[in-house]
Amino acid sequence: MKHSYRFFENKDCSYFPCHQGLKDFNCLFCYCPLYVLEQCPGNPVYLEQGGRKTKDCTNCTFPHQPENYEAIIQRLKG
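All residue numbers refer to positions counted from 1 along the written sequence of the respective chain. Selection of residues for local features in this predicted model requires a pLDDT of at least 70, selection of side-chain atom pairs for listing and counting requires 80 or more, and totals for whole chains, interfaces and linings are taken over all residues. Only heavy atoms go into the side-chain values, all of them from the structure, while hydrogens and water stay out.

**A closer look at the overall build of the protein chain**
Next, step 1: By definition, any uninterrupted DSSP run of H or I lasting at least four residues is a helix, any uninterrupted run of E lasting at least two residues is a strand, and each is numbered from the N terminus. The helix and strand tally for the protein chain stands at one helix and two strands.
Next, step 2: From first element to last, N terminus to C terminus, the protein chain shows the α and β order β-β-α.
Next, step 3: On the principal axes, the C-alpha backbone points of the protein chain span a range of 45 × 30 × 15 Å.
Next, step 4: Looking at the 78 residues of the protein chain, the share that counts as buried comes to 26%. Working definition: with a 1.4 Å probe on protein chains only, accessible area under 20% of the residue-type maximum means buried, over 50% means exposed, and in between means partly exposed.

Written as structure tokens, this is what we have:
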């Protein structure tokens, strides 16, 4: 995967890895482009406070798994 447009790993990042448990950690989608979607393929938790719903992706590794690149691009194409 080295030198691939589908994969980027930044081990120098002070937050690396921001999620645990992945062998190959893709930083390409550091900020998840699926965050704004109500129905995303990851495993978010929705928190409610004061009548507002917030999407919590703390335990979601979907955008960081290299094999999910194509699924993310397809969702963005809509």
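**Some words on the nonpolar core**
Side chains of a nonpolar character, in soluble globular proteins, are inclined to be buried together.
Next, step 1: To define a nonpolar core, start from buried Ala, Val, Leu, Ile, Met, Phe, Trp, Tyr and Cys residues and group those joined through side-chain atoms within 4.5 Å. In terms of nonpolar packing, the biggest core is built from eight residues, these being Phe29, Cys32, Leu34, Cys40, Cys60, Phe62, Tyr69 and Ile72.
Next, step 2: Apart from residues lying up to four places away in sequence, Ile72 is in contact with Phe29, Pro33, Leu34, Phe62 and Pro63. Only heavy atoms enter the contact rule, under which two residues are in contact if any of them lie within 4.5 Å.

**Points about the pattern of salt bridges**
Next, step 1: Here, a salt bridge means any side-chain nitrogen of Lys or Arg that lies within 4 Å of a carboxyl oxygen of Asp or Glu. Under the definition given, this model contains three salt bridges.
Next, step 2: Note that Glu70 and Arg6 form a salt bridge whose closest N and O atoms lie 2.4 Å from each other. With a gap of 64 residues between them, Glu70 in helix α1 (residues 69–77) and Arg6 in the segment before β1 (45–49) connect regions that are remote in the sequence.
Next, step 3: The partly exposed category is assigned to Arg6, whose relative accessible area is 30%.
Next, step 4: Residues Glu9 and Lys11 are paired through a salt bridge, measuring 3.6 Å at the closest nitrogen-oxygen approach.

**Notes on the layout of surface pockets**
Next, step 1: Of the volumes computed, that of the largest pocket is approximately 200 Å³.
Next, step 2: Throughout, the protein atoms alone are placed on a 1 Å grid, and a set of points is a cavity if a 1.4 Å probe fits but cannot get out or a pocket if it is open with protein on both sides within 12 Å along at least five of seven lines; lining residues have an atom within 4 Å of a point. Taken together, His19, Cys30, Tyr31, Cys32, Tyr35, Lys55, Asp56, Cys57, Thr58, Cys60, Pro63 and His64 make up the lining of the largest pocket.
Next, step 3: Partitioned by chemical class, the residues of the lining of the largest pocket number seven nonpolar, three polar and two charged. Grid points are joined across faces, edges and corners, and a volume is the space filled by probe spheres set on the points. Polar here means any residue outside two lists: the nonpolar Ala, Val, Leu, Ile, Met, Phe, Trp, Tyr, Cys and Pro, and the charged Asp, Glu, Lys and Arg; Gly therefore counts as polar.

**A closer look at the packing of aromatic side chains**
Next, step 1: Between the rings of Phe, Tyr and Trp (Trp by its six-membered ring), a pair exists once the centres lie within 6.5 Å; its type follows the angle of the planes, with under 30 degrees stacked, over 60 edge-to-face, and the other angles tilted. Taken as a whole and judged by the stated rule, the model has three aromatic pairs.
Next, step 2: Taking the centre distance of 5.9 Å and the plane angle of 80° together, the rings of Tyr5 and Tyr69 count as edge-to-face. Placement of Tyr5 in the segment before β1 and of Tyr69 in helix α1 is noted, with a sequence separation of 64 residues between them.
Next, step 3: Residue classification places Tyr5 among the exposed positions, given a relative accessible area of 62%.
Next, step 4: Take Tyr69: its relative accessible area is 13%, and that puts it in the buried class.
Next, step 5: Ring centres of Phe16 and Phe25 lie 5.4 Å apart, and the angle between their planes is 85°; this geometry places the pair in the edge-to-face category.

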